[in-house]
Structures are given as C-alpha cells and as structure tokens.
Amino acid sequence: MKEAYFPQEIEKKWQKVWEETGAFKTPDDSDRPKYYALSMFPYPSGKLHMGHVRNYTITDVIARFKKAQGYNVLHPIGWDSFGLPAENAAMKHGANPETWTDENIAYMTKQLKMLGLSYDWDREVATCKPEYYKWTQWLFLQLYKKGLAYKKEAAVNWCNDCGTVLANEQVIDGKCWRCDSVVEKKYLSQWFLKITDYADVLLEDLDKLPGWGDNVKIMQANWIGKSHGAIIKFKVKEIPGMEVPVYTTRPDTVYGITYLVVAPEYKDIEKLTTPEYREEVEAYRANARKMSEIERLSTDRTKTGVPLGTHCINPFNGEEFPLWTADYALVEYGTGAVMAVPTHDTRDFDFAKKYNLPMKVVIQNTQNPSNCENEAYTEEGILVNSGEFNGMKNTEAKKAITEKAAREGFGEFKIQYRLRDWLISRQRYWGAPIPVVYCDKCGIQPVPEDQLPVMLPKDVDFSVVGKSPITTSPTFKDTVCPVCGGHATREMDTMDTFICSSWYYLRYADARNDKECFNKDKVNHWLPVDQYVGGIEHAILHLLYSRFFTKALRDCGLLDFDEPFKNLLTQGMVLKDGSKMSKSKGNTVDPDEIFENYGADTARLFILSDSPPARDFDWSDAGVEGCYKFLNRVWRLISTNANNISLNIPEIKAGDLKKKENDDLLRFVHMSVKGITNDISNDFQFNTVISKYRELTNAIYDWQGRKPSLDDEDKLILSFAIVSLMKLMSPVAVHLTEEAWHELGGEGSIHDQAWCKWDENLAKSSSITLVVQINGKVKDKIEVDEGLSQDKMKEVALKSEKIKALTDGKTIIKTIVVPKKLVNVVVK
RNA sequence: GCUCCAGUGGCGGAAUCGGUAGACGCGUCGGACUUAAAAUCCGAUCGGGGCUCAACCUCGGUGCCAGUUCAAGUCUGGCCUGGAGCACCA
C-alpha cells in the first residue's frame, strides 16, 4: 500500500469501476425495505456551485448510510432544464436553447460524477426532453379534464424584462423573482390551475408532516392564509336591487361602519359611480392602473381614494354611509370591497383621518377606555353603541352578529384564503407547450392524448424582441381542430417550469416508461420520498406546488398517497466571508478547483464538517486544508499499519481482551459506532459525526503511540478499530475508504458492507467520573466503578477530602444522587 | 406591523432527560525533528484574583433582567440585538 495519499489518482480509478460495474443501480424489486433519498434537481446553469455540492453530498451520505443499513435505496438525479436562462443565452449568443442546455448538462454530469455521488443514472430525467414533457402535457390534460386547469381574463403580474407573466409566488417584494425588475399589472387571458380548491387540505395536511421543519410549515400556512370571517351584504341606496357584499373578519364592528371602500378594479364600480363623480373616479382608476405593484402595495404610502357619490345602508341599524374607491382595497381578495370601521382598524383610521370621515367607537376596553382619537383600538373589548349587542364581549359578538345576518338574509359565515390560483401561462419559448388549440368554431379544445407531445417548433427566430420566439415559427401556429377538422390555432404559451418540477420525483420511480406517465404500482412502491433535501428558497414555491400536484393526481386516480415528501431537510446556504457566494461579489469557490487540488473526498468531508446541515455554512480555505490533512492522517494510519491489519476479525466480546488499554480502545470504537449512528439518525448531524471520526482517529494514534511492538491481541484490536473507522467513514470519504479496503485485500466494495453494530455493554467506558457538587457547584471528581449503588456513591462523595473540608462546620440539609453521574450535597 | 428562528471563547461550533459549559476543528503561541524549509508530531489557548514561578487554589462566565429548582446554555415571564418569511389580505 502506498504510503502517501493521492486522491486524484484513487478517485478517477474508482469512479470508473463503479460506473462499469453499475454499482449504484437500484432494482425495483428487492427483499430489502425501500428508501427514497432525493435532492432537489438542479437547473443546468453551466457549472456546479458549492450549494449544489452541499446539497448532493448530504443526500448522498444519507443514501449510502441507509444502503449500509440494509435498505434498497433509490437515489436518482435529473435536470430542471426548461427555463429562461437557456432562452436568454440563445438571444444573447445566438446559441440554440437546446444545445446550450445539453452542453451544460454534459458538463455538470461530469462534475457530479467527480463528486463520487451514488446516483442511479439509468433513471436520469430532463424536463426539456420530449419523452418527459410529453407527460407534463398529458398531466395538464388530466387536470383540465378534472376542471383543475382553466383559462380566464385576469389582472396578472407582468415582468417586462422577461416578457412574460409570473405567478404570485414568483413576485418577491413587487419584483420579478428571476431578474429583479419591477412587476406591472396587465389584463390578459391566461391559464390557471385551481390550487385554491386544495387550500384547506394543503393547510390541514401540514399536520401530517412531522418530518418537516416548523419554519417551512409556518411559511406555507402563512402563504395559504386562512381566515374566518363573514360576508355582509349592503343595499345601495341610490340603485334599487343592487348590493355590495364585503368580507370582514370583524363582524363585531358592524355598528361602527362609517364608509365603504371598493377596489379601483371592482367590477360594478361604474354603476356605483354617480355622474358628477365620474370624471374624478375615472382619473383615479387610470392612475391606479398605471402604478406598479410595488408602489401600489407599499404600506408607507399615504392612502388615497375618491368618493363614488353613492351610499350604502347598514342593515343592522339603518345608517347610511358613503361609498368610496381606494387602492388599499384589493380586487383579488375577499369580495374586492371593504367595510370601513376607522375606530377599530388602523388602515381605515388613517384613511378616515385624511379625508375627515366620521368615526364611531363600538368596542370599548372597560379598564382603559379610549375614544380612538389618536389611533384605532384593535384589541378585544365590550360592545357599545351596537344596539341589541351592547355589553357583549366582541369575541362572542362576532358569532352573534354573523348569525343575525344569516338569519335575516344579508350575510353568512365565510372562510377566506390568501392563496390565489396558480397562473401557469408563460409567453416564452423554452418550456412545455400548453397542449390546447383554439378552433374557429369549437373554441378551446385539448390536444388528443395520442397526438402528444406537442413538440416545440425548431424553426423559430430567437432574435425577436417583445414577443415569444415561438410566435415566429411559420409551422407551429396553424393546425386542425381535433373535433371538427376545421382550422384552429395552437396555444402559443408554454407552461411555467414549476409544473415540470412538480412531478419529476414521481417519474424517477419509472423513468423509462414510454407508455404511461409512470406505472401506478411503481410510484406507490417508491413514494413518498423518505428524505428530501434542498434549499429553503423553495419553502413555498416548489414544495407547495408539488404537494398540490400529488393531491390532484391522487384525485385523478394516478397514485394512492397524498403527500410527496415524508421528511424534508432544508439545508442552509454556503457563505464565504459571511455573505452568500455570488458572482457579482466575486466570492465564489469553484468546485473543480477543489476536486483538482484536494480531491472530492476532501470537498465532501469539509462541506459536512463545520455546521449542521440546516444552518448556513461559511466556506474557509483553511478549513478545506484542515480536512485534507485529516484525510492524509487517516490514510497514513491505514497505510503504515497495512501489514498488521486483517479483515478477518472475529467478534470481540466484553472481557475478551486482557490488556486494559486494548479494552479501552474496544470501548472507544463501540462508543464511536453508537455516537455516529445516532448522530446521522437524529437530523443528520454530520458536523458531530465528523468530529467523532477525528476523535476515533486520535484515539487509535494515541493507543499506538504507547505500543513499541504489537502482539496478537494488539493486532486484533488495531484491525478492529481501523476497519471500523473505514466503514464509518465510507459514506463520506467514499474513494479513500474503497481504495484502502482493496489494498487491505477486501472483496467486493466497502460500500456493500453492512453498517457497524455496537454492543450497549461496550459502548461506555469501564469507569465513570463521579461529579461531586456542593450547592450545585462542582467541587470534586472521583473515578468510580460504573456499577456503584446510590448509597455507595453518596458514601464515596462524603468521604472525599475536599468535600469533608468544605462541609466542615456546616449542616448538610440533603444529598441528591443522580445514578452514574453525580452527587450534590446541599449545605447551609 | 404580523409570524417564526437564533444569540455560547479570537472564529465555526459541541453539550439525549435540567446534572462536569466550551467536545471536535480553525486560528494563535510555544516546543520537537531538519543545515534550512515544507510535511509531520507534542504542548498551551474563556476571563479576573491568589502564589517568586509552576503545579495548584479561588471567584466569575452561555445577549440583558427577573423567576422556578438541590442544580439552568437548557424551563417560565419580560426585554435587547440579529436573521428569515409575509405584508394595505379587510
């Protein structure tokens, strides 16, 4: 065995062997229980970054650990390969998006292989390939048939730079999630998926996911935004038969209404405007239309509005109040109209102050009454000025008042969600075409399933500005209607790429199936994903969409489970010098360089070492160096002892070893096995796993430092310790351990070896340190036998010279004994 | 504004149930080996005080202030700071 560690040589060699022997192929049928480990698949942007390295290493170690524990592990990879960057590259450099994407996939595949990841490449998928998007289109048709996909004219988020609409989830602070430019409102006819049908179950089922972090679940719950309230309908005084319904979570404040606001886009606003106000209202609406989303939604902005000239009648007390329009009312939420109670809502308060609208206190805190002159009172209290409800607690009044409204026919209880339907049309080329046609006679018609896929046209001009390249194809647009055979035009929009990524984890179960989307039995066998690993940035977008898809496909009868990801690990970011690695900051670290200088095993070890997976990880060059040195140390330990190590190790039981130091080492190994196994099992605490590798290595070196020569017992325990270390390290240092295994004469692969077991009796040291405290402060430590009874422990503690001296002349009130740990003497 | 998370040495971070705070590493300092360097190995490394030095002894210390407890990094209440998500959602 070579004395020096040459990772580059070793790694290439074994990567080749694993590929040739198909070491990581996963059979669908096996006696072993299944385990599905999944990383969020990458966008083929060009090169791997350290975030990828961290993500895939974490999942790979989990997959290998589970395999060693006896599971049949599915660990696939693929490419989220539709999307704007490919198209932008095409526009910029004249490259074809397909070529650009394929080249990137090829390069990144090479990098993934260099990292030594245990993927089953036979199951690789790429969402931009017709054999994949055929099924994306097919799934769209199933949702269409179920009534879950529909087209409507709506105010949508428009990104001018990307030249496309965006889903609500893709608008961050009023800006485009991809290019950061300000998003505008446009009115367009677009395709939507009815995710709102699933709002409640998406919320409820979060409780079925104990294996997800609370942070993600809370973010999803907030996004879904369920609220309980009431609809109350108000008659319009000037227009007989006309009503304006509002949604409110505060029906208890109805007696305090002093005006009512509708959104500028409110459907009946023109009818509700009297002629003398028309001009002013129109001007206000035009202005609102022009404003960007970010301006419009800014909370800092002072509120504006104009009266419509009409009035509503409060059905509870007959009071009349004016109707206004103001852009703080949102057309998409509730009914698009708000009943305003300035005294008990801060927004209404601000508005009423500005426009001198009246205020009326209806909720009072009896301890500390307020007339609401300076601010709205939004806490709980007792109803006043509220007719028959006076004196009632407001929490009870909510129910009582809504009940009255329901009884008398002008209101009802209502649950409202913040979640909106998912807008999936994109005016872009590089995506899956939406498989519908528009017939001159028959209207919207789905493309028949046997005509799928609707292929992306290749005869397009990528240099066009302001419209989708797909519209330049001379062959794509015109087609025939599948119903009447007459002329029809194809839908020119493609689907949001988040659709493609909402089902890829299902395709892995049956990736090469060209007859169906996936076989139902196979999907039911492999899913749900046992462990999903990825970035927190997908907490809402991808993870919510995937949950929706799973539920919708279950309802289509395509699968039998309702949550796709049983356990979710959201890994932290990779930082450099305290900030996120980015090209613009120039603080990126290129994985290729690390592979070249130190090898993949060092990269894997380091990326897991310093922080727990969920926390941010600060990259340091010194840290990489340290890990490289450690691997050298491990290599040296093995190579210098190669002649003394046998892989034929009989089971060593407690008491088998005569020498104390050998028994101690045996115990240390068992403790390490136990500790490492538990650390991986409990939330994948790889940082402490790696510190335990180091401790064990240090312990073996220390042991050896005290041995001038080795007899048979020494060689036995040394073999046991080193081989255990190798097996424990094999999921992380995948190449080094494989090479060492073979150099020591091992058969097969170390990665096919069973995980180390520990003996509970040996996974502890032979003696314990008894801590003696006085009044809770440590005063003495005494080495004692592990089996000591509680009485004996107390006796030993009180006999200690130090304790005697410190308790001298004081009264011992009581003594607390914690078995196998400590004695606390309470004195006065 | 609302919701959530986190605050431990010079740094990253350890510390099942409340039971030895600072594992392991990085950095720094000192030493060994070497003509020298690299590599490697050994040792020290929270702060204050005591002792001529050292071993040692002693007091304090996990963002701040209280509380519960024999015992608090860990539990409770109230703050402060930082981060994340949502945000005119009625």
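See the structure printed just above.
Residues numbered from 1 in each chain as written. Chains lettered and ligands numbered in written order. Predicted model: local features only at pLDDT ≥ 70, side-chain atom pairs only at ≥ 80, totals over all residues. Heavy atoms only, no water.

Right, let's get into the pattern of salt bridges. Enumeration according to the criterion identifies 52 salt bridges in this entry. Two residues, Arg123 and Asp120, come together in a salt bridge whose shortest N-O distance is 3.1 Å. Both residues of the pair, Arg123 and Asp120, count as buried. Put simply, Asp663 and Arg667 hold a salt bridge, and the shortest N to O gap is 2.9 Å. Of this pair, Asp663 and Arg667 both sit in helix H20 (residues 660-681), four residues apart, roughly one helical turn. A single network of salt bridges, built from pairs that share partners, joins Asp205, Lys208, Arg547, Lys551, Arg554, Asp555, Asp562 and Glu563. (Salt bridge = Lys/Arg side-chain N within 4 Å of Asp/Glu carboxyl O. Buried < 20%, exposed > 50% of the residue type's maximum accessible area, 1.4 Å probe, protein only. Helix = DSSP H or I, 4+ residues; strand = E, 2+ residues; numbered from the N terminus.)

Okay, the environment of Tyr328 next. Structurally, Tyr328 can be placed in the loop between strand E14 (320-326) and strand E15 (337-340). The spatial distance from the C-alpha of Tyr328 to the C-alpha of Ile424 is 27 Å, given a sequence separation of 96 residues. Setting aside residues no more than four positions away along its own chain, Tyr328 makes contact with Tyr259, Val261, Lys303, Ala340, Arg347, Asp348 and Phe351. (Contact = heavy atoms within 4.5 Å.)

To continue, consider the protein's contact with RNA strand B. Near RNA strand B there are 56 residues, and of these Thr249, Lys303, Tyr333, Arg347 and Asn824 occur at the shortest range. Restricting attention to atoms of RNA strand B within 4 Å of the protein, one finds that 66% of them are sugar or phosphate atoms. Note that a phosphate oxygen of RNA strand B is positioned 2.4 Å from one of the side-chain N or O atoms of Tyr333. Arg636 is positioned such that a nitrogen or oxygen atom in its side chain is 3.3 Å from a sugar or linking oxygen of RNA strand B. The element that contributes the greatest number of residues to the surface near RNA strand B is helix H21 (residues 686-705), accounting for six residues. Partitioned by chemical class, the residues of the surface near RNA strand B number 19 nonpolar, 14 polar and 23 charged. (Near = heavy atom within 4 Å. Polar contact = N/O pair within 3.5 Å; in protein donor to acceptor, adjacent residues only side chain to side chain. Nonpolar A, V, L, I, M, F, W, Y, C, P; charged D, E, K, R; others polar.)

A few words on the sheet that holds strand E22 (residues 443-446). Pairing is antiparallel in the open sheet, where four strands are placed in the order E22-E21-E24-E23. Single-partner strands in this sheet number two, and they are E22 and strand E23 (478-480). Each strand of the sheet is rotated relative to its neighbour by a mean of 40 degrees, with strand direction disregarded. Of the strand pairs in this sheet, strand E21 (residues 436-439) and strand E24 (residues 487-490) are connected by three bridges, and their pairing is antiparallel. Within the sheet, the bridge partner assigned to Tyr438 lies in E24 and is Thr489. (Pairing = 2+ DSSP bridges. Axes fitted to C-alpha atoms, helices over the stretch in contact; angles between N-to-C directions.)

Its location among the elements puts Arg615 in the loop between helix H18 (600-609) and strand E30 (617-619). For the pair Arg615 and Asn775, spaced 160 residues apart in sequence, the C-alpha separation works out to 37 Å. In this structure, Arg615 is in contact with Arg54 and Gly572, ignoring residues within four places of it in sequence.

Moving on, we get to the sheet that holds strand E2 (residues 72-74). If you walk across this open sheet you meet the four strands as E2-E1-E26-E27, and the pairing is parallel. Across the chains shown, the open sheet's two edge strands, defined by having one partner strand only, are E2 and strand E27 (568-571). Pairwise comparison of adjacent strand axes, ignoring direction, gives a mean angle of 20 degrees for this sheet. Where helix H2 (residues 50-68) meets the sheet, it contacts strand E1 (34-39), E2, strand E26 (531-535) and E27, and its direction lies at approximately 170 degrees from that of E1.

The next subject is empty space enclosed by the protein. Applying the stated criterion to the full structure yields five cavities of 30 Å³ or more. The computed volume of the largest cavity comes to approximately 200 Å³. Around the largest cavity sit 18 residues that line it, and Gly83, Leu84, Arg426, Arg428 and Thr497 are the ones nearest its centre. Secondary structure elements with two or more residues in the lining of the largest cavity: helix H3 (84-93), strand E6 (164-166) and strand E25 (494-495). Around the second largest cavity, the lining residues are Phe24, Arg64, Lys67, Ala68, Lys727, Ser730, Pro731, Ile750, His751, Gln753, Ala754 and Trp755. Of the residues forming the lining of the second largest cavity, the biggest block, three residues, is contributed by H2. Its residues assigned to classes, the lining of the second largest cavity comprises six nonpolar, three polar and three charged. (1 Å grid on protein atoms, 1.4 Å probe; cavity = no way out; pocket = protein on both sides within 12 Å on 5 of 7 lines; lining within 4 Å. Points joined across faces, edges and corners; volume = space filled by probe spheres on them.)

Take it as geometry only, folks, not as evidence of what the structure does.
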